[in-house]
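Observations on the model geometry
Read off the chains here:
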Amino acid sequence: MNAHSDLVTSLEWPANLNEIPKAVFDDPDLYKMELEKIFYGPEWQVVAHRGEVPEKGDFKRFYIGEMPVLVIHGEDGQVRVFHNACSHRGALVETKNRGSQLEFECPYHRWLFSSTGEMIGCPNSNQFSPGFKKENFGLREIRTDEYCGLVFATLSDDTPDLKEWMGERMLDPLARILGGDGRLRLLGYQKVNYACNWKAYVDNDGYHAPLLHPAFKLLNWQGGRGSQTPTENGHIVFEADLTMPDRVDLLDDPSLIDFKGTDTSNGSLVISTFPITVLTKHLDMLNVRFAFPRDNDHTEVHYAYFRHEDDDEEMARHRLRQASNLLGPSGMISLEDAAIFTRIHHGNISPGNAIFQKGVSDPRQLNFTPAQNDETGNLPRWEYYRKLMGFRRAQS
Amino acid sequence: MSDQVRSDTRLSSVSRDVRDQIADLQADYIAALDSQDMKGWLASFDENNSSYFCRSKENEDEGLEVGYMFDDCHERICDRVKFVDEIWAGTFEEYQTRHFLQPTRCKSLGEDLYSAQTNFTVMYTDDAGITKVLASGCYDDEIVVNGVARLRSRKAVLDTNVVPRYMVYPI
């Protein structure tokens, strides 16, 4: 694979760091390059959480970029990620989204694999090519690592160690989003295919202007103190205290925004890991937004909600009730975010640059300590993207 | 399905009068949603005790309760009207839905309560005039029928496990 977009050579990226050329959202060749350099390149991709595959034999089907993968909790207790392609002729080994079984059979020629990826058997192998050995035909495994049960995979041998890639600053907040110790259980999914480029999705999920959220105002619910911390390699951590209103007149059922706050959060925590994954803990809701690009113009997001293993029944119920109605593609607070993705995608098919403004004191400098609601938090990620893709920046 | 079970749940297993009242309820429900009339939607539910859920069949089959919408009490159904009419007003692009229903099963649960299953397809049309399928699935309902029919509980189960857009309006 050696995808190339003429845009990378023809386009001069603006000298001002707060200006993003809109052409990068609408170029299918560039998208192919992004798949190679970012999704199949030396970055960790979030593919699953152990809470989705808690028992031996449990599996989940997912994607890295456009590549189908299979996450299997093996009979030895290890969670592995494989290409979801038979080692024979390449048919999908599994088509169910989730399930539990200790053997995986490709229906095409009945090749059979174990939950740890080894080949168990293949009929008529006495007629196969000379030197055929079963042990050479296991499912093709992908390099993985875990943090608090969150399963990362990378197709590159050059990807740094997971903790180094995340950076020290992210480890503690990421653990807190994952319930402190990662002992989570799945509550269920909301899945949406947004008609927008993956960069438009990730640029506007996680960060979003509070102006967009009338719910905050109507609830007399202000953001409180908060911070955002971008890293040089494209991750961002958002943390905020939530000042809860004394009473909620707006809702007939104010339990929607109860904050039992038993554990690890000061209210609101959002982490965006490069390139495309967003994790949130808002009030008592634990949410990982597993995402992948379907094509240049579509981004599929699987909002997965979790409870902690130690939750009593009341807490588990509370998280479930909050998960479904508060955030997500029809959530009371977040519907407007979902509404903006497609709108931005279509608006980006126009000349010129998208210009970030709030918090930009010097357009020629990146700011790694933006204020809570500044737009500047996204700019280090754009600069990292620009360098990865090889766009040259104008001098003036 | 055995002949016995089928005959017990066929539409003709309940009286024509009950069927007519349920048909009116279903028609009022979709007419309200397709004209973005959230108060009309609310009026379809039993105000003493009712619930509305909208979730994927994938979750439903696995016993995972998370939904796109999870209104497990009448207060939450009232709040959903406020989400659309007040909280979200002016923040989303309008889209036109058209619901198409086909009742498949109905059965008496005793007294004035009935269970009913009704297939649905919901089309949506955006500002550009392009029409696509929003979701296909089945309503699993409990309906109170006493002169007028009202939803005691409605579960909209979506075969469409990945919806093509965010959803403002209930299904």
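Residues numbered from 1 in each chain as written. Chains lettered and ligands numbered in written order. Predicted model: local features only at pLDDT ≥ 70, side-chain atom pairs only at ≥ 80, totals over all residues. Heavy atoms only, no water.

Within chain B, the secondary structure is distributed over five helices and six strands. The N-to-C order of helical and strand elements in chain B reads α-α-α-β-α-β-α-β-β-β-β. Here the C-alpha radius of gyration of chain B, 16 Å, is about what a compact globule of 171 residues would show, namely 16 Å. Looking at the 171 residues of chain B, the share that counts as buried comes to 50%. Within chain B, contacts between residues at least 6 apart in sequence are counted, and of these 61% link residues at least 24 apart. Within the structure as shown, chain B displays about 7500 Å² of accessible surface, and the carbon and sulfur contribution to it stands at 46%. Placing the 19 positive and 31 negative side-chain charges of chain B at their respective mean positions leaves the two points 4 Å apart. (Helix = DSSP H or I, 4+ residues; strand = E, 2+ residues; numbered from the N terminus. Rg over C-alpha atoms; globule rule 2.2 N^0.38 Å. Buried < 20%, exposed > 50% of the residue type's maximum accessible area, 1.4 Å probe, protein only. Contact = heavy atoms within 4.5 Å. Areas by Shrake-Rupley, 256 points an atom, 1.4 Å probe, with all protein chains shown as cover. Lys, Arg positive; Asp, Glu negative; His and termini not counted. Charge placed at Lys NZ, Arg CZ, Asp CG, Glu CD.)

In terms of regular secondary structure, chain A is built from nine helices and 21 strands. Its C-alpha atoms give chain A principal-axis dimensions of about 70 × 60 × 35 Å. Taken across its 396 residues, chain A has 59% of its residues classed as buried. A separation threshold of at least 6 residues defines the contact pool for chain A, and within that pool the share at least 24 residues apart is 66%. Total accessible area on chain A is roughly 15800 Å²; 46% of this is exposed by carbon and sulfur atoms. Chain A carries 42 positive and 57 negative side-chain charges, and their two centres are separated by 2 Å.

Residues and elements named next belong to chain A. Here we have seven strands laid out as an open sheet, ordered β13-β19-β18-β17-β16-β15-β14, and antiparallel in their pairing. Edge positions in the open sheet fall to β13 (184-194) and β14 (226-230), since each of these has one partner strand only. Taken over all neighbouring pairs, the strand axes of this sheet differ in orientation by 15° on average, direction set aside. Strand direction decides the pairing type here: strand β15 (residues 236-241) and strand β16 (residues 267-273), joined by six bridges, are antiparallel. Bridging across to β16, Ala240 finds its partner in Ser268. Along the sheet, helix α4 (residues 168-177) makes contact with β14, β15, β16, β17 (277-282) and β18 (285-295), crossing β16 at roughly 120°. (Pairing = 2+ DSSP bridges. Axes fitted to C-alpha atoms, helices over the stretch in contact; angles between N-to-C directions.)

Here the focus is the domain arrangement of chain A. Residues and elements named next belong to chain A. For chain A, the domain assignment lists domain 1 (45-154) and domain 2 (181-384). Centre-to-centre separation of domain 1 and domain 2, based on C-alpha positions: 32 Å. Each side of the interface is counted separately: domain 1 has 18 residues, and domain 2 has 20 residues. Taking both partners together, domain 1 and domain 2 bury about 1500 Å²; carbon and sulfur atoms supply 65% of that area. Summed over the three residues of domain 1 that lose the most area to domain 2, namely Val46, His49 and Phe62, the buried surface amounts to 29% of that side. Counting the contacts that link domain 1 with domain 2 gives zero salt bridges. Counting across the interface, domain 1 meets domain 2 through two residue pairs in polar contact (both at pLDDT 80 or more). (Domains from an automatic or database assignment. Buried area = accessible area lost by both parts, 1.4 Å probe. Salt bridge = Lys/Arg side-chain N within 4 Å of Asp/Glu carboxyl O. Polar contact = N/O pair within 3.5 Å; in protein donor to acceptor, adjacent residues only side chain to side chain.)

For the rest of this paragraph, the subject is the packing of aromatic side chains. A ring pair, where both rings are aromatic, is described by two values, the distance of the centres and the angle of the planes. All names here are of chain A. Under the definition given, this model contains 31 aromatic pairs over all chains. The interplanar angle of 70° and the centroid separation of 5.2 Å between the aromatic rings of Tyr201 and Phe341 together place this pair among those described as edge-to-face. One end of the pair, Tyr201, is in helix α5 (residues 198-204); the other, Phe341, is in helix α8 (residues 335-347), and 140 residues separate them in sequence. Considered together, Tyr201 and Phe341 belong to a single accessibility category, that of buried residues. (Phe/Tyr/Trp six-rings, centres within 6.5 Å; stacked < 30°, edge-to-face > 60°.)

It is worth spelling out α4(A) at this point. All names here are of chain A. The element α4 is extensively covered by neighbouring structure, given that seven of its ten residues are classed as buried. Among the residues of α4, those classed as buried are Met170, Leu171, Pro173, Leu174, Ala175, Arg176 and Ile177. A positive phi of about 75° marks Gly179, the residue just after α4.

Residues and elements named next belong to chain A. Counted by the stated rule, this structure contains 39 salt bridges over all chains. For Glu239, the salt bridge is made with Arg169, and the minimal N-O distance between the two is 2.9 Å. Placement of the pair is Glu239 in strand β15 and Arg169 in helix α4, with a sequence separation of 70 residues. The shortest N-O distance in the salt bridge between Asp203 and Arg381 comes to 3.6 Å. In this pair, Asp203 is assigned in helix α5 and Arg381 in helix α9 (residues 379-389), connecting sequence segments 178 residues apart. Assigned by exposure class, Asp203 and Arg381 land together as buried.

Residues and elements named next belong to chain A. Within the open sheet, the three strands sit side by side as β8-β9-β10. Their pairing is antiparallel. With partners counted over all chains shown, the strands left at the sheet margins are β8 (103-106) and β10 (119-121), one partner each. Neighbouring strand axes in the sheet, compared pairwise and without regard to direction, differ in orientation by 35° on average. Two strands pair when backbone bridges link them, and β8 and strand β9 (residues 111-114) are joined in this way by four bridges, in the antiparallel orientation. Looking at β9, one finds that Cys106 is bridged to Trp111.

Right, let's talk about the side chain of A:Arg393 for a bit. Residue and element names in this part refer to chain A. Looking at the secondary structure, you find Arg393 in strand β21 (residues 392-393). Here the side chain of Arg393 touches Pro14 through a polar contact of 2.5 Å, landing on its backbone oxygen. One polar contact links Arg393 to Glu383, side chain to side chain, over a distance of 2.4 Å.

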